[in-house]
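Commentary on secondary and tertiary structure
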Amino acid sequence: GQNIDQPTEMTATEGAIVQINCTYQTSGFNGLFWYQQHAGEAPTFLSYNVLDGLEEKGRFSSFLSRSKGYSYLLLKELQMKDSASYLCAVRFSGGSYIPTFGRGTSLIVHP
Amino acid sequence: DAGITQSPRHKVTETGTPVTLRCHQTENHRYMYWYRQDPGHGLRLIHYSYGVKDTDKGEVSDGYSVSRSKTEDFLLTLESATSSQTSVYFCATGTGDGNTEAFFGQGTRLTVV
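Let us look at the structure shown here. (Residues numbered from 1 in each chain as written. Chains lettered and ligands numbered in written order. Predicted model: local features only at pLDDT ≥ 70, side-chain atom pairs only at ≥ 80, totals over all residues. Heavy atoms only, no water.)

**Quick notes on the pattern of salt bridges**
- Tallied over the entire structure, the rule returns 7 salt bridges over all chains.
- The residue Arg66 of chain A makes a salt bridge to Asp52 of chain A at a minimum N-O spacing of 3.0 Å. In this pair, Arg66 of chain A sits in the loop between strand 7 (60–65) and strand 8 (70–75) while Asp52 of chain A sits in the loop between strand 5 (44–49) and strand 6 (53–57), placing the two residues 14 residues apart along the sequence.
- Among the residues examined, Arg66 of chain A registers a relative accessible area of 38% and is labelled partly exposed.
- Exposure remark for Asp52 of chain A: the relative accessible area of 44% places this residue in the partly exposed category.
- The residue Asp82 of chain A makes a salt bridge to Arg59 of chain A at a minimum N-O spacing of 2.8 Å. Placement of the pair is Asp82 of chain A in the loop between strand 8 and strand 9 (84–92) and Arg59 of chain A in the loop between strand 6 and strand 7, with a sequence separation of 23 residues. Considered together, Asp82 of chain A and Arg59 of chain A belong to a single accessibility category, that of buried residues.
- Sharing partners across several salt bridges, the network here consists of Arg22, Lys70 and Asp73 of chain B. (Salt bridge = Lys/Arg side-chain N within 4 Å of Asp/Glu carboxyl O. Helix = DSSP H or I, 4+ residues; strand = E, 2+ residues; numbered from the N terminus. Buried < 20%, exposed > 50% of the residue type's maximum accessible area, 1.4 Å probe, protein only.)

Here it is as structure tokens:
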């Protein structure tokens, strides 16, 4: 399979910075997405990386290293509303380019 | 927000009964997908469609069938529901272009008793 690994759960404090890692097999890589999903709701798109480097969008940034098969989502100035699951999804060539999702990381933000 | 609606939003059904879930989009997206989401497994692709009457299987297609008779609608059918199909089902759509994301419906919570 196309293993995509993320930590199951992370906790952090309001106002802090947290980094959520995602590793994947490098063969056939064709792009990586991050989604946010609040409990009982649909996933919503956060970021897309296909080239190496850092993409910044306000408090959220996403990094990609294609040679290492590694990405992270960086959340700054954490707020209580950031408590959610964060899903890493990778598009591989040869699979109709449909993203394969990791199991998600549940982030709990404490006051 | 992308116009994707799923119906019903919640359903309880008995083992062995047929069930059809509907996904309707107003975005004119070419691609439509059905996923299931279960604790410990994340989102897993059941079936997808890349055009009217064009569908293909995903990772967990056994026990499911789909149909797409028009661009807007993608139906997921459980021919004979089993308890293992208790899950939250998400429909998603996309243009299929390289760097564009998928847009998700609000989900259908299905319980098979």
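That shown, we press on.
**Observations regarding the interface of chain A and chain B**
- Counting residues at the interface gives 16 residues for chain A and 19 residues for chain B.
- Buried surface at the junction of chain A and chain B, both sides included, amounts to about 1,500 Å², of which 57% is carbon and sulfur.
- Ranking the residues of chain A by area buried against chain B places Ile98, Phe101 and Arg103 of chain A at the top, with a combined share of 32%.
- On the surface where chain A and chain B come into contact, there are 3 residue pairs in polar contact (both at pLDDT 80 or more).
- The set of elements that each furnish at least two residues to the side of chain A that touches chain B consists of strand 4 (29–37), strand 5 and strand 9 of chain A.
- Counting residues per element, the side of chain A that touches chain B draws most heavily on strand 4 of chain A, at 3 residues.
- Looking at side-chain class alone, the side of chain A that touches chain B contains 10 nonpolar, 3 polar and 3 charged residues. (Contact = heavy atoms within 4.5 Å. Buried area = accessible area lost by both parts, 1.4 Å probe. Polar contact = N/O pair within 3.5 Å; in protein donor to acceptor, adjacent residues only side chain to side chain. Nonpolar A, V, L, I, M, F, W, Y, C, P; charged D, E, K, R; others polar.)

**What about the environment of Thr86 of chain B?**
Residues and elements named next belong to chain B.
- Structurally, Thr86 can be placed in the loop between strand 8 (73–78) and strand 9 (87–94).
- By relative accessible area, which is 30% here, Thr86 ends up partly exposed.
- Residues Thr86 and Pro8, 78 residues apart in the sequence, show an inter-C-alpha distance of 14 Å.
- Every residue in contact with Thr86, bar those within four places of it in the chain, is listed here: Arg36, Asp38, Leu110, Thr111 and Val112.
- Within the structure, the side chain of Thr86 is placed 2.9 Å from the backbone nitrogen of Val112, a separation counted as a polar contact.

**Examining the packing of aromatic side chains**
- Using the criterion set out here, one finds 18 aromatic pairs over all chains in the structure.
- With a centroid separation of 6.3 Å and 65 degrees between ring planes, the pair formed by Phe33 of chain A and Phe45 of chain A is classed as edge-to-face. With Phe33 of chain A in strand 4 and Phe45 of chain A in strand 5, this pair connects stretches of sequence that are 12 residues apart.
- Each ring, one from Tyr48 of chain B and one from Tyr50 of chain B, has its centre 6.2 Å from the other, and the planes form 45 degrees; the classification is tilted.
- Of the residues examined, Tyr48 of chain B reaches a relative accessible area of 6% and is grouped as buried.
- Three or more aromatic residues joined by ring pairs make a cluster, and in this case those are Phe33, Tyr35, Phe45, Tyr48 and Phe101 of chain A together with Tyr31, Tyr33, Tyr35, Phe90 and Phe104 of chain B. (Phe/Tyr/Trp six-rings, centres within 6.5 Å; stacked < 30°, edge-to-face > 60°.)

**As for the sheet that holds strand 1 (residues 4–7) of chain B**
All names here are of chain B.
- The strand order 1-3-8-7 describes an open sheet built from 4 strands, whose pairing is antiparallel. Edge positions in the open sheet fall to strand 1 and strand 7 (64–70), since each of these has one partner strand only. Geometrically, the sheet is characterised by an average inter-axis angle of 20 degrees between neighbouring strands, direction not taken into account.
- Inspection of the sheet shows strand 7 paired to strand 8 by 5 bridges, in the antiparallel sense. Bridge pairing links Tyr64 to Leu78 in strand 8. (Pairing = 2+ DSSP bridges. Axes fitted to C-alpha atoms, helices over the stretch in contact; angles between N-to-C directions.)

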